[in-house]
Each structure stands twice: as C-alpha cells, then as structure tokens.
Amino acid sequence: EAVKGYCCVQFMVPRQRLLLRTREWYAKAFVYFASEQSYFDLFPVSAGKVLTWQDLTCRTPAQLWMPWWHVVFGEELACPERHQDPRLPLFVQLRSIP
C-alpha cells in the first residue's frame, strides 16, 4: 500500500498522539530527514545530483516529512482525499489543485 497524505500539511495533534513516540524517536527522525542519506533514500532524484545547503536544511526535510506526518501520529497509511474526509473542518476540505 502506498503512503497517501495531504500536500502542504497543517494540522493540530492531540497530546496523546504526540506521545505515541518518544522524544528520542523524534530526534532521530529529525536527524535522518535532515541528512544527505534521506535525500537519496526517499526523494526521487538522480544519484548524481549535487546537494546544496538549501536542499538539506530547508526544502528537503519539509518535503520528506510531508507525506508521513499522519502516519507518525497514528493514522492509517493512506488518507482519504481531503474533500472526502469528514473528520476535517469544512474550510480544509478542499479538492487538490493540480
């Protein structure tokens, strides 16, 4: 099954969901997602790409985390489409814009 999350996520998480994982887990995940290795493991780029400081500190960590937040906080691997998810407030039930 593929990971299916929302693009450009903004969310609120109940405290009990935050505590599903330890502080150490979050620290290790942050280090991994901010590493050069994660860029090649998870981001679809060619193996010969030269990484810039901005790739590793700005764009890449955010892009790599984006599809995973819901899984980190205990949701299923695939989210329903935003406009079909009754758990979301009406103002975020927007269709994806290509």
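In what follows, the accompanying structure is described. It should be emphasised that the depicted structure is a prediction, and the values quoted were computed from it without experimental measurement. Each chain carries its own residue numbering, running from 1 in the direction its sequence is written. The model is predicted, so local features are restricted to residues of pLDDT at least 70 and side-chain atom pairs to those at 80 or more, both for listing and for counting; the totals for chains, interfaces and linings are taken over all residues. The basis for every side-chain value is the complete set of heavy atoms in the structure, and neither hydrogens nor water enter the calculation.

## Considerations on the overall build of the chain
Alright, step 1. The helix and strand tally for the chain stands at five helices and zero strands.
Alright, step 2. Starting at the N terminus, the α and β elements of the chain follow one another as α-α-α-α-α.
Alright, step 3. Counting only contacts in the chain whose residues sit at least 6 apart along the sequence, the fraction spanning at least 24 positions is 54%.
Alright, step 4. Note that accessible areas follow from Shrake-Rupley with a 1.4 Å probe, and for residues the cover is restricted to the protein chains shown. A total of about 7,600 Å² of accessible surface is found on the chain, and carbon and sulfur atoms cover 62% of it. Where helices and strands are cited, they refer to DSSP runs of H or I of at least four residues and of E of at least two residues respectively, numbered from the N terminus. Here, two residues are considered to be in contact whenever any of their heavy atoms come within 4.5 Å of each other.

## Re the nonpolar core
Alright, step 1. Among buried residues, the Ala, Val, Leu, Ile, Met, Phe, Trp, Tyr and Cys ones that are joined through side-chain atoms within 4.5 Å form a nonpolar core. To sort residues, take the accessible area from a 1.4 Å probe on protein chains only and compare it with the maximum for the residue type: under 20% means buried, over 50% means exposed, and anything in between is partly exposed. Listed in full, the six residues of the largest apolar core are Ala29, Phe33, Leu64, Trp65, Val72 and Phe73.
Alright, step 2. Where this core is concerned, the elements lending two or more residues are helix H2 (23-33) and helix H4 (53-65).
Alright, step 3. In this view, phenylalanine 73 contacts Phe11, Val13, Arg17, Leu18, Leu20 and Tyr26; residues no more than four positions away in its chain are not counted.

## Digging into the side chain of histidine 70
Alright, step 1. Position of histidine 70 among the secondary structure elements: in helix H5 (residues 69-72).
Alright, step 2. Of the polar contacts made by the side chain of histidine 70, one reaches the backbone oxygen of leucine 77; its length is 3.0 Å.
Alright, step 3. With residues up to four places along the chain from it excluded, the contact list for histidine 70 reads Val3, Lys4, Gly5, Glu75, Glu76, Leu77, Ala78 and Cys79. In protein, a polar contact means a hydrogen-donor-capable atom and an acceptor-capable atom, both N or O and within 3.5 Å, with residues adjacent in sequence counting only if both atoms are side-chain atoms; elsewhere, any N or O pair within 3.5 Å suffices.

## A short note on the environment of arginine 82
Alright, step 1. Of note, arginine 82 is situated in the segment after H5.
Alright, step 2. For arginine 82, a relative accessible area of 22% gives the class partly exposed.
Alright, step 3. Sequence separation of arginine 82 and leucine 94 is 12 residues, and the distance between their C-alpha atoms is 6.0 Å.

## Some thoughts on the environment of cysteine 8
Alright, step 1. The topology assignment puts cysteine 8 in the segment before helix H1 (15-18).
Alright, step 2. Through-space distance from the C-alpha of cysteine 8 to that of glutamine 63 is 8.7 Å; in sequence the pair is 55 residues apart.

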